[in-house]
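Listed here are the chains, written in short residue letters.
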Amino acid sequence: MKVRGEEPSLSQTFADLYEEYLPRVFRYVKCRVNDVASAEDLTSSVFEKAVSNFARYNRDKAAFSTWIFTIARNTLTDYYRVEAGKKKQHVSLEEAEERPANIPSPPEELERKELAEKLSQCVAQLSPEEQEIIHLRFEAELTNREIAKIMGFSESNVGVKLYRAIRKMRDSLQRLEYVS
Amino acid sequence: MSRDKNRERDFIKDLDSLLAGKQVNTEGKSEDERTILALAKRYTECRAEPSAEFHDSLKSRLSLKLAEQEARAQQDAERREQRWSWLSGFMVQSPVRRAAIVAAIAVAITFGTLWARGIFTEQAGPIVVTPTPEPEIPILTVPAPGPLTEPVFQAVATTEKAIYASGEEITIEFSLRNTGSETVTMVAYPPQIDIRNAENGQTVRRYPAGTGKQELAPFETLGYTLVWDQMDSRGHQIPPGTYTITIDDISFTSPTQPEAVPAPLGNLAEISIQSP
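Just so you know, these numbers come straight off a predicted model, no measurement behind them.

Novice: When you look at the overall build of chain B in this model, what are you seeing that I'm missing?
Specialist: Helix and strand counts for chain B stand at four helices and 11 strands. Counting the 276 residues in chain B, one finds 33% classified as buried. Summed over all atoms, the accessible surface of chain B reaches about 17,300 Å², with 54% contributed by carbon and sulfur.

Listed below in structure tokens is the structure:
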């Protein structure tokens, strides 16, 4: 039982943060690598680094979201450096969420996968900077202010870039749906 | 411009609502805005979530790692605590031990100081203390003129210290001793006293000789005190520097020397005056 005024233990604090941030970090990493297995490995790596350095984390200096997503971005940078020589085949969101072949997907699930694939293509047409903003906003669920801190832009600049990026995605999606 | 800003602000607000899983009211919005929000909504619906299996396995792994870290930190803290408690128990908790240690240190310091001064050995220790030289007080002896062959007077002038601050009163103690074998009579007592600038020899203050006579038996000593206020003959404070206290001579008579003759003396003491 938590006594009033008593500081929660390190484990308890981290457990709470884990519950809140695991889905966000996983989604962010997964949309960057487009592969569930790699996303799980990289997410594990991000949280292991966070645990190792958690005692040194100073909440007065940076919000936990800024801190963990900075770790995530650095981890991804290292990952891409290692993977640079390998020719990666584009893997769609749909493929990433592939179910075992013997379990049939319901129609709505198929529809969702189809949309996810189209959105993935739309995001891929954006500039790397716009892609990063989209991922941090939608997958990591960071606010514009937090994104601004991580990427080194002003908050209003992030808002403008985000708006334009979504508009581009919409236009791309409309074209894709028209073609299909 | 402000319309664009408002639109952007509304969009951010709507996007926050969408990401929080809330419904967004699109009434009154333009077609462009509605389609953009619709896309955002569809995007949020397509987001992947980590599997429960992955969530649980990573959580248990991290918990284990965190527990190990905490245990290590706890052990380190306990070790530090033990070290400190041993030290504090030895030093603080026992007043007897504390007093014994303080006494031992005091004895060691005293012994070391005495040893350094060479108390225990004939040779001086490593620390050599040079005593401050005291102001030299010349002892002048005056040979008796004429038939007297031995000195007549021994004159000494002493001050409390060698260095005075400017404006400070200076008390000068004179001591005159008849070192001859017969009684002498000083014909102008007290004798003339001059205070001179040691650098240029200029007399800054003169105390003229008295008009009285003073007998002094053989080996008798006579004391005389003069207080100098550091003023020159015109009543001005003398500047800082070195000054001499001088009795040029003492005129005296004796049974064998009925005519008064001067017995020359000279500088008796030197003092320094410093700026305040």
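So that's the structure; there's more coming.
Novice: What's the story with helix H6 (residues 128-139) of chain A in this structure? I'm lost.
Specialist: What sets the pattern is the α-helix's 3.6 residues per turn: residues three or four places apart point alike. Residues and elements named next belong to chain A. With 12 residues, H6 should reach 16 Å at 1.5 Å per residue; the first-to-last C-alpha distance of 15 Å fits that figure. By the criterion of burial, H6 is predominantly enclosed, with nine of the 12 residues buried. For H6, the complete set of buried residues consists of Glu-130, Glu-132, Ile-133, Ile-134, His-135, Leu-136, Arg-137, Phe-138 and Glu-139. Two residues or fewer past H6, Glu-141 is found with a positive phi of approximately 55°.

Novice: What am I meant to see in the interface of chain A and chain B here?
Specialist: Frequently, the measure chosen for interface size is the accessible area removed from exposure when the parts meet. Between chain A and chain B, the residue contacts involve 43 residues of the former and 33 residues of the latter. Interface of chain A and chain B: buried area, both sides summed, is about 3,800 Å²; carbon and sulfur atoms make up 63% of it. Per-residue buried area on chain A facing chain B is highest for Phe-138, Tyr-163 and Arg-170 of chain A; these three make up 17% of the total on that side. Counting the contacts that link chain A with chain B gives four salt bridges. Between the two partners, chain A and chain B, sit 12 residue pairs in polar contact (both at pLDDT 80 or more). Listed by contribution, the elements that provide at least two residues to the side of chain A that touches chain B are helix H1 (10-33), helix H2 (36-53), helix H5 (107-124), H6 and helix H8 (155-179) of chain A. No other element matches the 12 residues that H8 of chain A contributes to the side of chain A that touches chain B. Of the residues belonging to the side of chain A that touches chain B, the class tally is 20 nonpolar, 10 polar and 13 charged.

Novice: Got a minute to help me understand the side chain of Arg-205 of chain B in this structure?
Specialist: All names here are of chain B. Considering the arrangement of structural elements, one finds Arg-205 in strand S7 (residues 203-207). Arg-205 gets classed as buried once you look at its relative accessible area, which sits at 18%. A distance of 3.1 Å separates polar atoms of two side chains, one belonging to Arg-205 and the other to Asp-229. The contact partners of Arg-205, leaving out residues within four places of it in the chain, are Ile-193, Asp-194, Ile-195, Trp-228, Asp-229, Met-231, Asp-232 and Ser-233.

Novice: I would appreciate a short explanation of the side chain of Glu-132 of chain A in the present structure.
Specialist: Residue and element names in this part refer to chain A. Topologically, Glu-132 is positioned in helix H6. For Glu-132, the side chain forms a polar contact with the side chain of Arg-73, separated by 2.6 Å. Aside from chain neighbours lying at most four places away, what touches Glu-132 is Tyr-28, Arg-32, Arg-73 and Met-151.

Novice: Can you walk me through the nonpolar core in this structure?
Specialist: Looking at soluble globular proteins, one finds that nonpolar side chains tend to be buried together. Core analysis: the biggest nonpolar cluster contains 64 residues, and Phe-47, Phe-69 and Ile-134 of chain A have the highest contact counts within it. Examining the composition of this core, we find that 10 residues originate from one element, H1 of chain A, more than from any other. Once residues within four sequence positions are removed from consideration, Phe-47 of chain A is found in contact with Phe-14, Tyr-18, Tyr-21, Leu-22, Val-25 and Ile-68 of chain A together with Leu-58 and Leu-62 of chain B. The next biggest cluster of nonpolar side chains, apart from the first, holds 33 residues, and it includes Ala-155, Leu-226, Ile-245 and Val-261 of chain B.

Novice: Honestly, the pattern of salt bridges in this entry has me stumped. Any pointers?
Specialist: In a structure, side chains of opposite charge can pair up when their charged atoms sit close to one another. All names here are of chain A. As enumerated under the stated definition, the model contains 20 salt bridges over all chains in all. The shortest N-O distance in the salt bridge between Arg-73 and Glu-132 comes to 2.6 Å. Taken together, the residues span a long stretch of sequence, with Arg-73 in helix H3 (residues 64-83) and Glu-132 in helix H6 at a distance of 59 residues. For Glu-132, a relative accessible area of 6% puts it in the buried group. The partner of Lys-168 in a salt bridge is Glu-130, with the nearest N and O atoms 2.9 Å apart.

Novice: Teacher, can you tell me more about unusual backbone geometry here?
Specialist: Excluding glycine, residues mostly have negative phi values, and the peptide bonds linking residues are mostly trans. In this chain, Tyr-189 of chain B is followed by Pro-190 of chain B through a cis amide linkage whose omega measures -10°. Note on placement: Pro-190 of chain B falls in the loop between strand S5 (184-189) and strand S6 (193-197). One non-glycine residue, Glu-141 of chain A, adopts positive backbone phi at about 55°. Relative to the helices and strands, Glu-141 of chain A resides in the loop between H6 and helix H7 (144-151). Among the residues examined, Glu-141 of chain A registers a relative accessible area of 24% and is labelled partly exposed. Positive phi values are uncommon outside glycine, yet Phe-219 of chain B reaches one of about 65°. Mapping Phe-219 of chain B onto the fold places it in the loop between strand S8 (212-216) and strand S9 (221-228). The exposure class assigned to Phe-219 of chain B is exposed, which follows from its relative accessible area of 53%.

So, how was this worked out
Residues numbered from 1 in each chain as written. Chains lettered and ligands numbered in written order. Predicted model: local features only at pLDDT ≥ 70, side-chain atom pairs only at ≥ 80, totals over all residues. Heavy atoms only, no water. Helix = DSSP H or I, 4+ residues; strand = E, 2+ residues; numbered from the N terminus. Buried < 20%, exposed > 50% of the residue type's maximum accessible area, 1.4 Å probe, protein only. Areas by Shrake-Rupley, 256 points an atom, 1.4 Å probe, with all protein chains shown as cover. Expected span 1.5 Å × (residues − 1). Contact = heavy atoms within 4.5 Å. Buried area = accessible area lost by both parts, 1.4 Å probe. Salt bridge = Lys/Arg side-chain N within 4 Å of Asp/Glu carboxyl O. Polar contact = N/O pair within 3.5 Å; in protein donor to acceptor, adjacent residues only side chain to side chain. Nonpolar A, V, L, I, M, F, W, Y, C, P; charged D, E, K, R; others polar. Core = buried A, V, L, I, M, F, W, Y, C linked by side-chain atoms within 4.5 Å.

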